[in-house]
Amino acid sequence: MKNPFITLENTKGVLVSINVTKIISVEKQKYSNSKECYTYLILDGGGGAYVATHNFKLQYEEVMEIINNWYRG
């Protein structure tokens, strides 16, 4: 079975391993005090009630390319 984890750097500079199969939403967001953007991910934490959110330095398009490449194999 293919490893479902990808590693992304969050906005604090910390590497985070994300299970691609648990991503339920990807959103491009912008800081309110600058023109800089980041990518906001929402993950299914299991059990239907728990979700986890993360902010990543990569741009939306870069994150989507990583996700799409993983699913393409």
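For every chain, the first residue of its written sequence is number 1, and the numbers climb from 1 along that sequence. Residue-level local features of this predicted model are given only where pLDDT is at least 70; pairs of side-chain atoms are given and counted only at 80 or more, and the full residue set underlies all totals for whole chains, interfaces and linings. With hydrogens and water stripped out, all remaining heavy atoms of the structure feed into the side-chain values.

### Some thoughts on the side chain of Asn-19
Now for step 1: You can see Asn-19 is positioned in strand E2 (residues 15-19).
Now for step 2: Since its relative accessible area comes to 19%, Asn-19 is described here as buried.
Now for step 3: What qualifies as a polar contact is a pair of N or O atoms within 3.5 Å, subject to a donor-acceptor requirement within protein and to the restriction that residues adjacent in sequence count only when both atoms come from side chains. A polar side-chain atom of Asn-19 sits 2.6 Å from a polar atom in the side chain of Thr-21. By definition, any uninterrupted DSSP run of H or I lasting at least four residues is a helix, any uninterrupted run of E lasting at least two residues is a strand, and each is numbered from the N terminus. Throughout, exposure labels follow a simple rule: accessible area from a 1.4 Å probe, protein chains only, divided by the maximum for the residue type, with under 20% read as buried, over 50% as exposed, and the rest as partly exposed.

### Thoughts on the sheet that holds strand E4 (residues 37-44)
Now for step 1: In spatial order, the strands read E3-E4-E5; together these three strands make up an open sheet with antiparallel pairing. Every other strand in the sheet has two partners, leaving strand E3 (23-30) and strand E5 (51-56) as the edge strands with one partner each. Here the strands of the sheet are splayed against their neighbours by 20 degrees on average, with no regard to which way each runs.
Now for step 2: DSSP bridges decide pairing: two strands pair if at least two such bridges lie between them. Where E4 meets E5, six bridges bridge the pair, whose relative direction is antiparallel. From the neighbouring strand, Leu-41 faces E5, where its bridge partner is His-54. Orientation is described by lines fitted to C-alpha atoms, with helices fitted over the stretch in contact, and by angles between N-to-C directions that extend from 0 to 180 degrees.

### Re the nonpolar core
Now for step 1: Ranked by size, the top nonpolar core spans 13 residues in total, and within it Ile-6, Ile-18, Ile-23, Leu-41 and Phe-56 carry the most contacts.
Now for step 2: Breaking this core down by element, the ones donating at least two residues are strand E1 (5-9), E2, E4, E5 and helix H1 (60-72).
Now for step 3: When residues no more than four places from it in sequence are discounted, the contact partners of Ile-18 are Pro-4, Phe-5, Ile-6, Ile-23, Leu-43, His-54 and Phe-56. The set of buried Ala, Val, Leu, Ile, Met, Phe, Trp, Tyr and Cys residues whose side-chain atoms join them within 4.5 Å is what this entry labels a nonpolar core. Residue contacts follow a heavy-atom distance rule, with two residues in contact if any of their heavy atoms lie within 4.5 Å.

### A short note on the environment of Asn-55
Now for step 1: Turning to its location among the elements, Asn-55 is positioned in strand E5.
Now for step 2: In this structure, the C-alpha to C-alpha distance between Asn-55 and Glu-27, residues 28 residues apart in sequence, is 9.6 Å.
Now for step 3: Excluding residues that lie within four positions of it along the chain, Asn-55 makes contacts with Asn-10, Thr-11, Tyr-38, Thr-39 and Tyr-40.

### Observations regarding the pattern of salt bridges
Now for step 1: We define a salt bridge as a side-chain nitrogen of Lys or Arg found within 4 Å of a carboxyl oxygen belonging to Asp or Glu. Under the counting rule described, the total for this entry stands at one salt bridge.
Now for step 2: For Glu-9, the salt bridge is made with Lys-57, and the minimal N-O distance between the two is 3.0 Å. In this pair, Glu-9 is assigned in strand E1 and Lys-57 in the loop between E5 and H1, connecting sequence segments 48 residues apart.
Now for step 3: Judged by relative accessible area, Glu-9 falls into the partly exposed class, the value being 32%.

Any link to function would need more than the numbers given here.
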